[in-house]
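Fold and geometry: a report
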Amino acid sequence: KIPNSVFAANRAKICKRLTEKGIPRGAVLFFEGGKQEQQYDTDRDMEFQQESYFMYLFGVMEADFLGAIDVDTGKSILFMPRLPQSYAVWMGELKTPDYFLKRYGADHVFYKDEASEQLQKLRPSALYVLNGVNSDSGAAFDTPNLEWMKDFKVNDSLLYNELAECRVRKSSEEMEIMRYVNRISCEAHKEVIKMMKPN
């Protein structure tokens, strides 16, 4: 498991970068994590993989989360789905905000239906959201567009490029994680080669 300190350092990195570039006080960075999709018209969940920027900042493995970072204080907030109790029949015990608080090391965890109320308490000068085009794939980022966001001033022109630059420059801890992953991958490839036979 990647330590939560890695993601905390990534959050601190983007806050420092934006502060040095003169972002107005009261800025709050707002993110929408990856969404769980079902197979065609069934209720079968497709294999989920977290959205890359959300993973970089929060390390959250589960789908349908929201996240926010107060740039002035560096504090982070996660907003989790509020699932009906009936889900427990199929999914087992439903996790609580306290569970995710301990699991991911955020400063606060609330339910998604509390996001607008909790963000209003921060009195943000603006919500900064991701909006841009991936230079490798040419695909546009799916910018958050939630109904309650109309009650906030939203800036979608700054964050994408600045966060992308943060991800380009790896910390020593991130590089060690990459070395570890590569070692495991190399060992797996060697084991496969040992078992290969003609025909």
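Structure report, in brief. (Residues numbered from 1 in each chain as written. Predicted model: local features only at pLDDT ≥ 70, side-chain atom pairs only at ≥ 80, totals over all residues. Heavy atoms only, no water.)

**Section: the pattern of salt bridges**
To keep it simple, the criterion reads: Take a side-chain nitrogen of Lys or Arg and a carboxyl oxygen of Asp or Glu: if they are within 4 Å of each other, that pair is a salt bridge. Residue burial is assigned from relative accessible area. The probe radius is 1.4 Å, only protein chains are included, and a residue is buried under 20% of its type maximum, exposed over 50%, and partly exposed in between. Secondary structure follows DSSP: runs of H or I at least 4 residues long count as helices, runs of E at least 2 residues long count as strands, and numbering of each begins at the N terminus.
Counted according to the given criterion, the structure contains 13 salt bridges. Ionic pairing is found between glutamate 32 and lysine 35, a salt bridge with its closest N-O pair at 3.8 Å. Among the residues examined, lysine 35 registers a relative accessible area of 47% and is labelled partly exposed. Across the pair glutamate 176 and arginine 179 runs a salt bridge, and its minimum N-O distance is 3.4 Å. Of this pair, glutamate 176 and arginine 179 both sit in helix H7 (residues 172–195), separated by 3 residues, roughly a single helical turn. Ionic contacts of the salt-bridge type, sharing partners, join the residues Glu176, Arg179 and Arg183 into one network.

**Regarding the side chain of glutamine 50**
Which entries qualify depends on this criterion: Definition of a polar contact: a pair of N or O atoms within 3.5 Å, with one able to donate and the other able to accept a hydrogen when the atoms are protein atoms, and with sequence-neighbouring residues admitted only if both atoms are side-chain atoms. Contacts between residues were defined by any pair of non-hydrogen atoms, one from each residue, lying within 4.5 Å.
Topologically, glutamine 50 is positioned in the loop between strand S1 (27–32) and helix H2 (52–58). With a relative accessible area of 8%, glutamine 50 lands in the buried category. Among the polar contacts made by the side chain of glutamine 50, one reaches the main-chain carbonyl oxygen of valine 60 at a distance of 2.9 Å. Discounting residues that sit within four places of it in the chain, glutamine 50 has contacts with Gly33, Gly34, Met55, Val60, Met61 and Glu62.

**Overview of the nonpolar core**
Quick reminder of the rule: Only buried Ala, Val, Leu, Ile, Met, Phe, Trp, Tyr and Cys residues count toward a nonpolar core, and they belong to the same one when joined by side-chain atoms within 4.5 Å.
Counting residues in hydrophobic clusters, the biggest one holds 31 residues, and the most contacted among them are Leu29, Phe31, Leu78, Leu159 and Leu163. Taken together, the elements giving at least two residues each to this core come down to helix H1 (4–20), S1, H2, strand S3 (76–80), helix H4 (97–104), strand S4 (108–111), strand S5 (126–128) and helix H6 (159–168). At 5 residues, the largest contribution of residues to this core is made by H2. Dropping the residues within four chain positions of it, leucine 29 is found in contact with Ile14, Leu18, Gly67, Ala68, Ile69, Val71, Tyr128 and Leu159.

**Considerations on the pairing of S3**
Rule in force here: At least two DSSP bridges between two strands are needed for those strands to be called paired.
Burial of S3 is extensive: 5 of the 5 residues sit out of reach of the surface. Where strand S2 (residues 66–70) hands over to S3, the hairpin turn is made up of 5 residues, of which glycine 74 adopts a positive phi near 80 degrees. Pairing of S3 with S4 involves 4 bridges; the strand directions are parallel. Bridging from a neighbouring strand, isoleucine 77 pairs with histidine 108 of S4.

**What to know about H1**
This is how it is decided: How far a helix is expected to stretch is found by multiplying one less than its residue total by 1.5 Å.
With 17 residues, H1 extends 25 Å from end C-alpha to end C-alpha; this agrees with the ideal 24 Å at 1.5 Å per step. Three or more residues of H1 are buried, namely Val6, Phe7, Asn10, Arg11, Ile14, Cys15 and Leu18. Looking at the packing, one finds that the buried side of H1 touches S1, H2, S2, S3, H6 and H7. Two residues or fewer past H1, glycine 22 is found with a positive phi of approximately 85 degrees.

**Details of unusual backbone geometry**
Positive phi, close to 50 degrees, is recorded for tyrosine 40, a residue that is not glycine. Residue tyrosine 40 is classed as exposed on the basis of its relative accessible area of 77%. Phi angles above zero are rare outside glycine, and arginine 123 is one such case at about 50 degrees. Summarising the element assignment, arginine 123 is placed in the loop between helix H5 (115–122) and S5. For arginine 123, a relative accessible area of 73% translates into the label exposed.

**Some points on the state of the cysteines**
Our working definition: Throughout, a disulfide means two cysteine sulfur atoms within 2.5 Å of one another.
Across all of its chains, the model carries 0 disulfides by this definition. Not engaged in a disulfide, the cysteine cysteine 15 finds its nearest cysteine sulfur in cysteine 166; these two sulfurs lie 9.3 Å apart. The buried category is assigned to cysteine 15, whose relative accessible area is 6%.

What is shown is where atoms sit, not what they do.
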